[in-house]
Number of protein chains: 2
Amino acid sequence: IMALKARALYDFNSENPGEISVKENEIVTLYSEQDIEGWFEGANSKGERGLFPASYVEILRNDAASTFNNNSSTSGDTYQDSRYANIPSGGFDALYKTQNKVESFNKPSAPAFTTFSAPTQQQQHNYHQTSQGSDDDWDDDWDDNSTVADEPGTVAGSYHDFEGNGPSTYRVSTSSVPRGGNAQQARSSATVSRNLNRFSTFVKSGGEAFVLGEASGFVKDGDKICVVMGQYGPEWQENPYPFSCTIDDPTKQTKFKGMKSYISYKLTPTHTQNQVNRRYKHFDWLYARLVEKFPVISVPHIPEKQATGRFEEDFISKRRKGLIWWMNHMTSHPVLARCDVFQHFLTCNSADEKAWKQGKRKAEKDEMVGANFFLTISTPPAPLDLQEVESKIDGFKSFTKRMDDSALQLNATVSEFARKQISGFKKEYQKVGLSFKVLSQAFEMDQQAYSAGLNQAISFTGEAYEAIGEYFADQPSKDLDPIMDLLALYQGHLANYPDIIHVQKGALTKVKDSQKHVEEGKMDRPQAEGINERCNIISFATLAEIQHFHQIRVRDFKAQMQHFLQQQIGFFQKITGKLEEALQKYDNA
Amino acid sequence: IMALKARALYDFNSENPGEISVKENEIVTLYSEQDIEGWFEGANSKGERGLFPASYVEILRNDAASTFNNNSSTSGDTYQDSRYANIPSGGFDALYKTQNKVESFNKPSAPAFTTFSAPTQQQQHNYHQTSQGSDDDWDDDWDDNSTVADEPGTVAGSYHDFEGNGPSTYRVSTSSVPRGGNAQQARSSATVSRNLNRFSTFVKSGGEAFVLGEASGFVKDGDKICVVMGQYGPEWQENPYPFSCTIDDPTKQTKFKGMKSYISYKLTPTHTQNQVNRRYKHFDWLYARLVEKFPVISVPHIPEKQATGRFEEDFISKRRKGLIWWMNHMTSHPVLARCDVFQHFLTCNSADEKAWKQGKRKAEKDEMVGANFFLTISTPPAPLDLQEVESKIDGFKSFTKRMDDSALQLNATVSEFARKQISGFKKEYQKVGLSFKVLSQAFEMDQQAYSAGLNQAISFTGEAYEAIGEYFADQPSKDLDPIMDLLALYQGHLANYPDIIHVQKGALTKVKDSQKHVEEGKMDRPQAEGINERCNIISFATLAEIQHFHQIRVRDFKAQMQHFLQQQIGFFQKITGKLEEALQKYDNA
């Protein structure tokens, strides 16, 4: 195989460790045709190795075909099932070449929404690679095949707490920190992985293809997704048949005569009342389908994968809690709750292997994903005001940044507070308890009958303080852990929004570009109007999703704060009760 | 002046830093004729300098008279007022010489109760030197003349906490730690100062003189102190006219046209209802009188002297608290409460300077102090069983050791607990509060009208946690400080008891010695019976004092534990109330 070469279209100045600079027209070597979320790894003409934006270079395809095939590492049929199956073969390269390359690209500092190098299917394959689940590997326990750590651009580092004081010792005792930790990790790891999105989201999501009118497909009536004007602006049409779903009885199952073990959860949706059994890998598979399908919907993150300790009671209970939170957000979402793949997941009897596999294949072959998803959206007739939309999106972007920062801070504070209660607070109260007991033991040596009552009362007081120490240690799992679970879920959503915002911004930029092109006579008006109309659809969907986010956020935080305060009140009342019991012992002392 | 020489009577092997070894018959040089609580400072024949037991050497008096006078450093009349004025001139030296020096002294390892070198008045003067208060220096502010640090054998070291982690930072914020610290200091400082007592207490207290029949004086009827048999053994006859005394309105006073300032406290005893004004130095003077007068009574320690910050509000309030505790123990004690010097202190109008000075001189010239105090004691007719007494005293000794250890531990724990609440606990709750507030501020950016109620509720919750942080910081002064005050007072008592026990043990040993002497024909029976009878008086007094100690201990600890628990209950209820208030804010959110 010959070395893969590419030509730089623009200057790129490396700004972060791991990146390399390239000059316009410089010939660079690519290590792989697969981009890493919008970045290529390779070497420039100086021999420096590192990352540069895939959109800044043009692959020089002399032997494209052979490279294409030889890079395959998994069975070929999954490519058709991948997230970007809707993108026509040959991808945007062909599209790109039909346009004037240089016309609107004067500012390489913000090229994300105006220039792109079309990813090949090969490149796309890297995305959610392990969750595409061919039937052949369906029985593998996906937990074992950690995809998180293997994903390029993700640093499998340790969790650092808010103040950067190294790995939190509290981590092991709460389900949520690892998730919070991951959200944070994504934030604090290489700046590279942050920048990656700048160049690819709009393209990868299918947003650009849709805006440019490249998406096409037959939308069945049942697939129609309505955005309506509500009291506070665009919103998803409510689910007329709301339901919820319980997740119970995580049970260890074995197969292959005990060679393989896994945990099975019993799911009971309220609208069917039929229990189905699902494994973590089913959730994982579903999650991948949803992410693939819905470009501007924030799919709640499922609890993180874990390689070891998967059968420990603590872990199981915490994963279940995480899945319950996830399920709650799924069933609360008017679009996600109703979509076919989720309904299949909730209702198909997994014992009926044939029906299950049928639904699974159907979902994986769903054509209405990515760019085509936007085709299914039906909006109110009056178009949105572009400037108003832009202002709302900018406001929401600021909001998510602030909320993310404050969630990070609250999570760190609460995690540290929990750790302090489990260690320091408990120790202090127990030391006081022990000291009272030691005093009562000394007093018992006094040879005086009349002090027996006092000695017993002091001894009881000592025990009360030891018990209070235990109360402090037990409490975080009742009130702080749920707060951290909540924050972890929302940190997941907040991590989704930059991509969602990028898609909307990308569409908006396309509209502006097209208007300019029309003015310059480079584009005809109907084409520009088409772009504007399709951008309007994306804007409606984005604003509806933002509205939904605010509504569940207010609902969830209200409920959790109330729960937290109720727990705290109960906690301090329990302490008071114990102390009152101790005080009574002195009545006859 | 010629160097003062002494001859060693026995071998002494130094066991601790600061001590030097001497051989029997070795001639040593003394730096001063004044012993330091039973130890001489000097040099042995090898030229080593340090301390050795005064009782192990015999001063070689060639020029005793001239040395005696030249060593005087304060006005001579105070010697007659000193604690040991009852000891005949020439002291025990004369007595000692009339006995066979070596007969019963085979074991120099425990010579305290069987051998002694009589201290001269010169030597004794060192004891409570600065509290003898001639009228000339009465107006000095005694607080300035720190006597504690100047006392030989006392190391003016810093307070080390229970775990030896260096000076406690909490020290400054509680009145009791310095006192506790002193008790501890006495315990942990040079082993020397511990050993000192072994050789001198029995002698210095006057216990030995009394047992040997050397004490004599006319006991007025009003001076009679009765020990009676109570339900639990010997006890002081109850005060038929119990009273208490309030200490209020510490007020800064000036004299010498503002050149000198001091704090004046208003004392109002219930039995006179007449208010008198007293200064700290009056308490200090009274304390010295009481210590001098009552060899086997545990005089409560007054709050420690302090050189700086005496006019700061915190200090004044804490000293007042300490004085109230002290007063409570004084008025609760059947003997101390009724004694003349205390009554003079409580009732004499200090504006009537003549009456005050008259009472003061009378107290300083009181003959019924030390050895003579025992003459005033009237016991039940049936003598105590010596062995039973010994067993009770040994039991009490073990008890005090255990109580002292546990008080030390509790004090350290409580002090650390207070420190943690003031710093760490407060900080944790306030960090949680701040994080909630930051979250609510982020939420306020959401542009959604329907979230205003939630945002306000979260903000209020943040404030509630900040308030709870303050509650934690404020609480120790209400519940832990009083515990520490109590412990400090009792640590003072526990520091008194080794001396009291030594006096009783010394007397007991004298009885055993005398029995042996009678068997060996070296003492006639009536003399031994006298010793036995006088030891019986000391035993009655000691057991009565122990009984009193247990009774006030049970009373005080019961009351304080109840107060502590009530405060803690109120504290946690206050927190609960605040949280309930916060919870309500969500009702309409």
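Residues numbered from 1 in each chain as written. Chains lettered and ligands numbered in written order. Predicted model: local features only at pLDDT ≥ 70, side-chain atom pairs only at ≥ 80, totals over all residues. Heavy atoms only, no water.

- Going by the annotation in an unreviewed UniProt entry, the name recorded for chain A is Sorting nexin, with Myripristis murdjan given as the source organism.
- We quote the UniProt Subcellular location (unreviewed entry) comment for chain A here in full: "Cytoplasmic vesicle membrane".
- Heading Sequence similarities (unreviewed entry) of the UniProt record for chain A holds this comment: "Belongs to the sorting nexin family." (UniProt positions renumbered as here; feature names shortened; annotations may be inferred.)

### Some points on the overall build of chain A
- Check the secondary structure of chain A and you find 15 helices and 11 strands.
- Buried positions account for 55% of the 589 residues belonging to chain A.
- Residue pairs in contact within chain A that sit at least 24 positions apart in sequence constitute 74% of those at least 6 positions apart. (Helix = DSSP H or I, 4+ residues; strand = E, 2+ residues; numbered from the N terminus. Buried < 20%, exposed > 50% of the residue type's maximum accessible area, 1.4 Å probe, protein only. Contact = heavy atoms within 4.5 Å.)

### Comments concerning the packing of helix α15 (residues 525-584) of chain A against helix α12 (residues 386-443) of chain B
- Direction vectors running N to C along α15 of chain A and α12 of chain B enclose 160°, while the axes themselves pass 13 Å from each other. The angle between α15 of chain A and α12 of chain B falls in the class roughly antiparallel. The way α15 of chain A lies across α12 of chain B gives a crossing that is left-handed. Listed contacts from α12 of chain B to Arg553, Phe557, Met561, Phe564 and Phe572 of chain A of α15 of chain A are Tyr429, Phe436, Leu439 and Phe443 of chain B.
- For the contact of α15 of chain A with α12 of chain B, the per-class residue count stands at eight nonpolar, no polar and one charged. (Axes fitted to C-alpha atoms, helices over the stretch in contact; angles between N-to-C directions. Parallel < 35°, antiparallel > 145°, perpendicular 65-115°, else oblique. Left-handed = near helix turned anticlockwise from the far one by under 90°. Nonpolar A, V, L, I, M, F, W, Y, C, P; charged D, E, K, R; others polar.)

### Here's the deal with the relation of the copies chain A and chain B
- Of the transformation placing chain A onto chain B, the axial shift is 0.1 Å and the rotation is 180°, giving an RMSD of 0.2 Å. The superposition operator between the copies reduces to a two-fold rotation axis. Measuring from the rotation axis to each C-alpha of chain A, the shortest distance belongs to Phe572 of chain A, at 3.0 Å.
- Most of the interface of chain A is mirrored in chain B, where 100% of its interface residues again form contacts. (Least-squares fit on C-alpha atoms with pLDDT ≥ 70 in both.)

### A closer look at the confidence of the model for chain A
Residues and elements named next belong to chain A.
- On average, residues of chain A carry a pLDDT of 78, and 75% of them reach 70 or more.
- For the stretch residues 63-199, pLDDT sits under 50, and the model shows 265 contacts to residues farther than four places along the chain or on other chains.
- Listed scores for the predicted complex are pTM 0.71 and ipTM 0.72. (pLDDT = per-residue confidence, 0-100.)

### Let's talk about helix α11 (residues 353-364) of chain A
All names here are of chain A.
- Helix length check: α11, at 12 residues, gives a terminal C-alpha distance of 16 Å against a target of 16 Å (1.5 Å per residue), a fit within 8%.
- Where α11 is concerned, the buried positions are Trp356, Gly359, Lys360, Ala363 and Glu364. All buried residues of α11 project into a common sector of 135° when viewed along the axis, lining one side. The exposed set on the far side of α11, more than 90 degrees from its buried face, consists of Lys354, Gln358 and Lys362. (Expected span 1.5 Å × (residues − 1). Arc of directions from axis to C-beta.)

### Let's talk about the interface of chain A and chain B
- The interface of chain A with chain B comprises 64 residues on the first partner and 64 residues on the second.
- Summed over both partners, the interface of chain A with chain B buries about 6600 Å², with 72% contributed by carbon and sulfur atoms.
- Looking at the side of chain A facing chain B, the largest losses of area belong to Glu428, Tyr450 and Phe572 of chain A, adding up to 10% of the total buried there.
- Here chain A is connected to chain B by four salt bridges.
- Between Lys420 of chain B and Glu428 of chain A there is a salt bridge; the shortest N-O distance is 2.6 Å.
- Linking chain A to chain B there are 12 residue pairs in polar contact (both at pLDDT 80 or more).
- Of all the elements in the fold, those that place two or more residues in the side of chain A that touches chain B are α12 (386-443), α13 (452-474) and α15 of chain A.
- The element that contributes the greatest number of residues to the side of chain A that touches chain B is α12 of chain A, accounting for 27 residues. (Buried area = accessible area lost by both parts, 1.4 Å probe. Salt bridge = Lys/Arg side-chain N within 4 Å of Asp/Glu carboxyl O. Polar contact = N/O pair within 3.5 Å; in protein donor to acceptor, adjacent residues only side chain to side chain.)

### Notes on the side chain of Gln547 of chain B
- Tracing the chain through its elements places Gln547 of chain B in helix α15 (residues 525-584).
- When neighbours within four sequence positions are excluded, Gln547 of chain B is seen to be in contact with Gln448 and Tyr450 of chain A together with Tyr232, Pro234 and Glu235 of chain B.

### Topic: the packing of aromatic side chains
- Tallied over the full model, the rule gives 66 aromatic pairs over all chains.
- When the ring of Phe417 of chain A is compared with that of Tyr429 of chain B, the centres are 4.9 Å apart and the planes differ by 80°; the resulting orientation is edge-to-face. Residue Phe417 of chain A is located in helix α12, and its partner Tyr429 of chain B is located in helix α12; the two belong to separate chains. Comparing Phe417 of chain A with Tyr429 of chain B, the two get one shared label, buried.
- Arranged with centres 6.4 Å apart and planes meeting at 15°, the rings of Phe342 of chain B and Phe345 of chain B form a pair that is stacked. Of this pair, Phe342 of chain B and Phe345 of chain B both sit in helix α10 (residues 340-347), three residues apart, which is roughly one turn of that helix.
- Overall, Phe345 of chain B belongs to the buried group, its relative accessible area being 0%.
- The ring of Phe460 of chain B has Lys585 of chain B sitting right over it, with the charged end atom 4.6 Å from the ring centre. (Phe/Tyr/Trp six-rings, centres within 6.5 Å; stacked < 30°, edge-to-face > 60°. Lys NZ or Arg CZ within 6 Å of the ring centre and 35° of its normal.)

### Observations concerning the environment of Leu323 of chain A
Residues and elements named next belong to chain A.
- Residue position: Leu323 is located in helix α9 (residues 313-332).
- Assessed through its relative accessible area of 0%, Leu323 is described here as buried.
- Setting aside residues up to four positions removed in sequence, Leu323 forms contacts with Ile247, Tyr265, Phe283 and Pro303.

### Remarks on the pattern of salt bridges
All names here are of chain B.
- Using the criterion set out here, one finds 43 salt bridges over all chains in the structure.
- The shortest N-O distance in the salt bridge between Asp485 and Lys321 comes to 3.2 Å. Of this pair, Asp485 sits in helix α14 (residues 476-519) while Lys321 sits in helix α9 (residues 313-332), and the two are 164 residues apart along the sequence.
- The partly exposed category is assigned to Lys321, whose relative accessible area is 27%.
- Here Lys362 ties to Asp340 by a salt bridge, and the two come within 3.9 Å at their closest N and O atoms. Highlighted residues: Lys362 in helix α11 (residues 353-364) and Asp340 in helix α10, separated in sequence by 22 residues.
- Owing to a relative accessible area of 46%, Asp340 belongs among the partly exposed residues under this scheme.

### Here we look at the sheet that holds strand β7 (residues 233-236) of chain B
All names here are of chain B.
- Strand order across the open sheet formed by three strands is β7-β6-β11, with mixed pairing between neighbours. The sheet terminates laterally at β7 and β11 (377-378), the two strands that pair on one side only.
- The pairing of strand β6 (residues 225-230) with β7 spans four bridges and is antiparallel. From the neighbouring strand, Met229 faces β7, where its bridge partner is Pro234.
- The strands touched by α15 are β6, β7 and β11; relative to β7, the strand with the most contacts, the crossing angle is about 80°. (Pairing = 2+ DSSP bridges.)

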